Amino acid sequence: MRLLPAPHVFQAGRNSRLNTKCISEVIVQRLAPPKQFPLESFARVLAFIPHPDDEAMGCGGLLRRLVDAGREVELVLVSDGSGGPNHPTNLKAERLPEFARSLHFLGLDTYDAWLLPDGCLEQESELSERINKRIEDSAPDLIVAPWPGDLHPDHAAIGHAVDSSSAGRKSSVAWFEIWSPLPASHVLDITDLMDIKLQALKAHETALRFGNYLEAMMGLSAYRGINLPYRGTPNYAEAYLLRGPNHSG
Ligand SMILES: [Zn+2]
C-alpha cells in the first residue's frame, strides 16, 4: 500500500492544473459490503498505537469490546507523544497521563511505552525490528495497527512495519483508520460504546486543543454506522480492514 498524499483544498475555477489521472488508476475494484467483525475469533490481541489519542480515535471501541469479552489485550504506545521535533513545547508530560486516563475508559490499565520520537518514526531504524520482536514474543492471534495507507507518516510507518512482520505468520491483522479512511472489509457496531469512546477521547485535553477531533470521530463513526442495519436511531461503527490466514476480507 502506498502512503496517501495529504489532500489539497478544492478551489473552484482553479482546477486546470490538477493532475487528472484516469479514475481506473485510483479505483481498482468495487468494494464488497463490509462484514461484521468476528470478535469471537480472537483470544490474544496485540495493539500498536502511534500516539496518545489514536487508541480512542481509531480502535477504542474494538479494544473495549475485546476487554469486555475477556480477551487478553496487550498495548504498545510507540511514540512519546511529544508533538514532533518542530513543536514549540514538548507535550509528553501532559499526553502520557492523558493516555492512561483514556485507557481507563477502554478497560485497560497497563501498556508498554516505547517512547520513540514523535513525528520521526519513518526514520527510526529500530522500529521494524522492535515490532517484529514484539509480535514474535507475544504470539498474538490478532494484531491491531493503523493501516499502511494512512497519510500520517508515523501511522504509515507502523502499518508498513506490521505488514512486513506479520507476513507468513498465523496472526491476523485488523488495520484501523485515523487520518485516512480505509477500504473496509469489516465493521464493528459500537453504538452502545459511543459514550465510552467519547469519554476516552475527551481525556486527551492536549490533543483537543489542536483539532476538532471529537466531532471528526463522531462523524466518521456515524458514517461507518450506515453499514449496520438501520434501527431508526443513529448507529455508530468502527471500520477495519481485516487480513490473515482465515480472513481474506
Ligand atoms: Zn497519531
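The structure this text deals with has already been given above.
Residues numbered from 1 in each chain as written. Predicted model: local features only at pLDDT ≥ 70, side-chain atom pairs only at ≥ 80, totals over all residues.

Assigned secondary structure in the protein consists of eight helices and eight strands. Counting all 249 residues of the protein, 41% fall into the buried class. Contacts in the protein between residues at least 24 apart in sequence constitute 79% of all its contacts with a sequence separation of at least 6. (Helix = DSSP H or I, 4+ residues; strand = E, 2+ residues; numbered from the N terminus. Buried ≥ 20, exposed ≤ 12 C-beta atoms within 10 Å, placed from the backbone. Contact = placed C-beta atoms within 7 Å.)

On to helix 8 (residues 213-225). The terminal C-alpha atoms of helix 8, which comprises 13 residues, lie 18 Å apart, in line with the 18 Å expected from a rise of 1.5 Å per residue. Against the buried residues of helix 8 lie helix 2 (54-68), strand 7 (186-189), helix 6 (194-202) and strand 8 (237-243). (Expected span 1.5 Å × (residues − 1).)

Here the focus is unusual backbone geometry. Phi at Leu115 takes a positive value of approximately 55°, unusual for a residue other than glycine. Of note, Leu115 is situated in strand 4 (residues 112-116). Owing to 14 C-beta atoms within 10 Å, Leu115 belongs among the partly exposed residues under this scheme. Backbone geometry places Ala139, a non-glycine residue, at a positive phi of 45°. Note on placement: Ala139 falls in the loop between helix 4 (127-138) and strand 5 (142-146). You can call Ala139 exposed: it has 11 C-beta atoms within 10 Å.

A few words on the sheet that holds strand 8. Strands pair in a sheet through their backbones, by hydrogen bonds, and they do so in one of two ways: parallel or antiparallel. In spatial order, the strands read 1-7-8-6-5-2-3-4; together these eight strands make up an open sheet with mixed pairing. Every interior strand has two partners, whereas the edge strands, strand 1 (35-36) and strand 4, have only one. The pairing of strand 3 (residues 72-79) with strand 4 spans three bridges and is parallel. For Leu77, the partnering residue across the bridge sits in strand 4 and is Ala113. Across the face of the sheet, helix 4 comes into contact with strand 2 (44-49), strand 3, strand 4 and strand 5 while running at roughly 165° to strand 2. (Pairing = 2+ DSSP bridges. Axes fitted to C-alpha atoms, helices over the stretch in contact; angles between N-to-C directions.)

Moving on, we get to the packing of helix 4 against helix 5 (residues 153-166). Two numbers describe how helix 4 lies on helix 5: the axes approach to 9 Å, and their chain directions differ by 50°. Considering their axes alone, helix 4 and helix 5 lie oblique with respect to each other. As helix 4 runs across helix 5, the sense of the crossing is right-handed. Here Leu127, Ser128, Ile131, Asn132 and Ile135 of helix 4 lie close against helix 5, whose contacting residues are Ala157, Ala161, Val162, Ser164, Ser165 and Ser166. (Parallel < 35°, antiparallel > 145°, perpendicular 65-115°, else oblique. Left-handed = near helix turned anticlockwise from the far one by under 90°.)

Let us look at the pairing of strand 3. Here strand 2 runs beside strand 3; their pairing, made up of six bridges, is parallel. Residue pairing in the sheet places Arg44 in a bridge with Glu72 of strand 3.

Let us now look at the nonpolar core. The biggest cluster of nonpolar side chains holds 57 residues, and the ones touching the most others in it are Ala47, Val144, Ala174 and Tyr240. The element best represented in this core is helix 2, accounting for six residues. (Core = buried A, V, L, I, M, F, W, Y, C linked by C-beta atoms within 7 Å.)

Taken across its five residues, strand 5 has five buried, putting it largely inside the fold. Neither face of strand 5 is left uncovered, since the one carrying Leu142, Val144 and Pro146 and the one carrying Ile143 and Ala145 both have all their residues buried. Two elements, strand 2 and strand 5, share three bridges in a ladder whose sense is parallel. Opposite Val45, over in strand 5, you have Leu142 as the bridge partner. Direction of pairing for strand 5 relative to strand 6 (residues 172-176): parallel, over a ladder of five bridges.

A few words on helix 2. Since there are 3.6 residues in each turn of an α-helix, residues three or four apart along the chain are aligned in direction. Helix length check: helix 2, at 15 residues, gives a terminal C-alpha distance of 20 Å against a target of 21 Å (1.5 Å per residue), a fit within 8%. In helix 2, a bend of some 75° at Gly60 exceeds every other bend along the element. Among the 15 residues of helix 2, 13 are classified as buried, and the element is accordingly described as predominantly covered. Gly70 sits one or two residues past helix 2 and shows a positive phi near 80°. (Bend = angle between axes of the 7 residues up to and from the residue.)

Bear in mind that shape data such as this cannot, by itself, settle questions of function.
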